[in-house]
Amino acid sequence: MSGMLEKEVPADDGGGLLAQVAPPVLVVDGLIVEHRNGTTGEAFRAVDGVSLRVAAGESTAVVGESGSGKTTLAMAATGLGPRSGGRVELLGHALDGLSRRRLRDLRPEVQIVFQDPHGSLDGRQSVRSGLRELRRLQRERTAWIDDAALLERVRLSPDLLDRYPHQLSGGQAQRVCIARALLMRPRLIVADEPTSGLDVSVQADVLDLLREVRETTGAALLMISHDLAVVRSVCETVHVMRRGRVVESGPCETVFTDSADAYTRELIAAMPGARWRARR
Ligand SMILES: Nc1ncnc2c1ncn2[C@@H]1O[C@H](COP(=O)(O)OP(=O)(O)OP(=O)(O)O)[C@@H](O)[C@H]1O
Ligand SMILES: [Mg+2]
């Protein structure tokens, strides 16, 4: 593909043309992560030979029962967690052989949104001073928007800038986390159960926001979730994990409505949102 064509693709393409011409933002090939069992001390594979790729601008989900290795996969795939084997290519760079410095340079382009927003924010910093610190670390990258406009982008009042995390509701705190991610203009956002710690009433708003961020910035999204309705509302493709392995992958519509795999069918039946699916 010619370089010229790549440049002509708009940044807010939202995953269509961009996904076809730009290199994938994440390639995971035969990834293995071993942990030690806390009781027996024996090593076991929490991630056992997982391969997947996330195209530029694409929205992909990883689902699976608790303990199936989703978070371990996400951490290893973003270079934040240990890897025991296999290959990861993040934003076109193989993590093996990447210097610490180069990895640090890539860091802002990969943003992670966790389940517990209060746990992700520094309780001693107001929203404004937290943003100031990010701006100090990444002066040029963050100059595109001011604090008030950034908060407006995540539909928060700029009045909240002087609040501390404990003075924010769960939904507001998660919006602040998303704003902090957005400030870095990431090419990949990894969201690990971003709404499961929130009240049902604000879950849909936060999902809408993630969808909007993705559509307007062209960032790819790798979302980990237990909730079928969440996955279907935000993601195009899904990977189903069981005991450290991906047992099925494909477009959400196919996997959720027409799975050939017995485990996937069982998992889907047990997931929140399954009744929502049945009613439609
Ligand atoms: N640091 C660690 N040391 C030892 N074992 C770990 C560690 N982190 C995770 N594990 C184990 O690895 C397996 C996968 O854990 P992981 O957190 O990746 O699962 P998960 O799919 O994200 O689960 P959940 O849906 O509950 O968040 C589990 O058996 C877990 O107990
Ligand atoms: Mg997890």
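Here the structure is a predicted model, which means the values were calculated and not measured.

## Focus on the site of ligand 1
- The full set close to ligand 1 counts 13 residues, and Ser66, Gly67, Lys70, Thr71 and Thr72 are the nearest of them.
- In the environment of ligand 1, an oxygen atom lies 3.2 Å from a nitrogen or oxygen atom belonging to the backbone of Ser68.
- A distance of 2.7 Å separates an oxygen atom of ligand 1 from a polar side-chain atom of Lys70.
- The fraction of the free accessible surface of ligand 1 (640 Å²) that becomes covered by protein chains is 58%.

## Section: helix α3 (residues 70-77)
- Taken across its eight residues, α3 has six buried, putting it largely inside the fold.
- Along α3, the positions that sit buried rather than exposed are Lys70, Thr72, Leu73, Ala74, Ala76 and Ala77.
- Gly79 lies just past α3 and shows a positive phi near 80°.

## Considering unusual backbone geometry
- Positive phi, close to 45°, is recorded for Arg185, a residue that is not glycine.
- Of the residues examined, Arg185 reaches a relative accessible area of 43% and is grouped as partly exposed.
- For Arg243, which is not glycine, the phi dihedral falls at a positive 45°.
- With respect to the helices, strands and loops of the structure, Arg243 is situated in the loop between β9 (237-242) and β10 (245-251).
- Given a relative accessible area of 62%, Arg243 falls into the exposed group.

## Observations regarding the layout of surface pockets
- One number sums up the size of the largest pocket: a volume of about 600 Å³.
- The wall of the largest pocket is formed by 22 residues, among which Arg107, Gln111, Leu134, Arg180 and Met184 lie closest to the centre.
- Broken down by secondary-structure element, the contributors of at least two residues to the lining of the largest pocket are β6 (110-113), α6 (127-137) and α8 (170-183).
- In the lining of the largest pocket, the residues fall into eleven nonpolar, seven polar and four charged.

Scoring rules and cut-offs
Residues numbered from 1 in each chain as written. Chains lettered and ligands numbered in written order. Predicted model: local features only at pLDDT ≥ 70, side-chain atom pairs only at ≥ 80, totals over all residues. Heavy atoms only, no water. Near = heavy atom within 4 Å. Polar contact = N/O pair within 3.5 Å; in protein donor to acceptor, adjacent residues only side chain to side chain. Areas by Shrake-Rupley, 256 points an atom, 1.4 Å probe, with all protein chains shown as cover. Buried < 20%, exposed > 50% of the residue type's maximum accessible area, 1.4 Å probe, protein only. Helix = DSSP H or I, 4+ residues; strand = E, 2+ residues; numbered from the N terminus. 1 Å grid on protein atoms, 1.4 Å probe; cavity = no way out; pocket = protein on both sides within 12 Å on 5 of 7 lines; lining within 4 Å. Points joined across faces, edges and corners; volume = space filled by probe spheres on them. Nonpolar A, V, L, I, M, F, W, Y, C, P; charged D, E, K, R; others polar.

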